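Chain residues, written in single-letter form:
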Amino acid sequence: MVSSIGVTTCPRGQPGQPSPEVHWAQCRAAGRQKGLGLLYSALVRPRPEYCEQLRAPQGEKDLRVATTCPEEGNKDAERAMAVTILVWVLQQLILNVRVVGDERDEARRDHSSFPGLGSRFGIGSTMEGWSPSEENIIYRVLVSLIPPYGHAFLPELCNPGETPERNFRIRVQLVCTCKTEQLVGDMLCFIHHDEEEQRRNRGPSLLQTVCTGSYLDVQKTACRFHQLVKACWVVLPHSRRWRLTMLPCNRSCKFKMARAEEEIIIEIMLGVQQGNSDIFLSSQASEALFTPSTTWTSSCAVAEAKFFEWLARRAPDGSFHLRCLQLCARILVGTGFSEYALKTVVMHLLNTTPLSGWHRTHFLLRLDDIMRYLCHCLEEKRLDHFFFGNEKIPEEIVLPPALQRAEPFNLFQHLAQDPDAQAQAMREFTDMQDRLTRMLANDN
């Protein structure tokens, strides 16, 4: 049974080739006769033991356990260990524990020159459990930025009236702290104290370190964050066993951790939370060819990760929704389709198909649903963003009111504007169907 979205069968458009109905009937027959065991084993397994290190708080006891030498040849344990170590460094920064510079005056002077670090969230395909490849895996984390003492973050639209609201600037405003100063005693107000006295006693404000004009600068902030991690790392004993390499990246912080033949890559995105919602203004580049360094893009990555966590808590044993997404992501290689578009298709289906229908026994049926849904979207030249204006979002996911009220945002708008692009997408979809059929046949 396929999803009831009123989808028509996608024409293959080439004579001498079987219709989609025959196509998928052959796959189902092969699955019934030989089973899908080989296909299951061929798929990449999610690595919750690695990803959990980036979700759960880490203490010194956890660090000692994690850095105990793993069994020789156990690559999984080695990777988990490396992730744990770097996350421990992050935790120290988040908790404002100064690994370098113990003097109280230095800590106070540095406190207002860089945003505070709040919660961290595992985001992206690896953290959600459906990375399409075992090679070149990147563990992505979003760390929230909090305005330091005496400052406030005020988001402003880059283009007022823009729909949807995607690109923002974050204006940094000084806040009077005179009342707090009376209680604390040694914290000077940036507004009502002499500038020279501030420099002597408190150091520069955020506006003088990681801002361009009055706006928080993505590149300056990422560069400063790189410096903080590097300063923490060199004084840790783990730096003698693991090499931490800072990788070039303008708008985020990328690190490669290596030990012997093992290496992993972690990318840390920075973001400012929109109110109390799960939407962040992130350091990720926009879709434009050039993204100004003061532009922060609206990101639903945390909300998406929470959606998959919400599903994991409710999905019955044997649920194969991540494997379906993973397998379909593999056939995108070499096409113009983005993983994000495919992920959006699957999220829509997960939100409308009972979770019991994603059991491994329905594996081929759900693959059929995914391909039919994608085909329908291509024909209609419309794929709605999962969160914009969607009234069926789980209550556990908090969205800004403006996003809840927004008109659905079409991810395939470029196809509606360019007939040639739409024709090319249809041809690539046909190739994807062929590739998926061959993959299923070979594994059965």
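Residues numbered from 1 in each chain as written. Predicted model: local features only at pLDDT ≥ 70, side-chain atom pairs only at ≥ 80, totals over all residues. Heavy atoms only, no water.

Moving on, we get to the nonpolar core. If you look at the biggest cluster of nonpolar residues, it comprises 56 residues, and the most contacted ones within it are Phe307, Ile370, Leu378 and Phe387. Looking at this core, the elements with two or more residues in it are helix H11 (301-314), helix H12 (321-330), helix H13 (339-352), helix H14 (363-380) and helix H17 (419-442). Tallying contributions element by element places H14 first for this core, with 10 residues. Leaving out residues up to four positions away in the same chain, isoleucine 370 has contacts with Cys324, Cys328, Leu342, Val345, Val346, Leu349 and Trp358. Core analysis: the next-biggest nonpolar cluster, separate from the first, contains 36 residues, Leu117, Leu206, Leu228 and Met257 among them. (Core = buried A, V, L, I, M, F, W, Y, C linked by side-chain atoms within 4.5 Å. Buried < 20%, exposed > 50% of the residue type's maximum accessible area, 1.4 Å probe, protein only. Helix = DSSP H or I, 4+ residues; strand = E, 2+ residues; numbered from the N terminus. Contact = heavy atoms within 4.5 Å.)

Our focus in this paragraph is the packing of aromatic side chains. This structure, assessed with the given rule, holds 8 aromatic pairs. Centroid distance phenylalanine 307 to phenylalanine 308: 5.9 Å. Interplanar angle 75°. Geometry classified as edge-to-face. Per residue, the accessibility class of phenylalanine 307 equals that of phenylalanine 308, and both read buried. One aromatic cluster is present, built from ring pairs that chain together Phe307, Phe308, Trp310, Phe386 and Phe387. Geometry around tyrosine 215 places arginine 169 over its ring, the cationic atom sitting 4.2 Å from the centre. Between the NZ or CZ atom of arginine 323 and the centre of the ring of phenylalanine 320, over which it lies, the distance is 5.7 Å. (Phe/Tyr/Trp six-rings, centres within 6.5 Å; stacked < 30°, edge-to-face > 60°. Lys NZ or Arg CZ within 6 Å of the ring centre and 35° of its normal.)

Right, let's talk about the environment of serine 144 for a bit. For serine 144, the location among the structural elements is in strand E2 (residues 138-146). Classification of serine 144 by relative accessible area gives buried; the value is 8%. Apart from residues lying up to four places away in sequence, serine 144 is in contact with Gly116, Leu117, Gly118, Ser119, Gly271 and Phe280. At 3.0 Å, the side chain of serine 144 forms a polar contact with the backbone nitrogen of serine 119. (Polar contact = N/O pair within 3.5 Å; in protein donor to acceptor, adjacent residues only side chain to side chain.)

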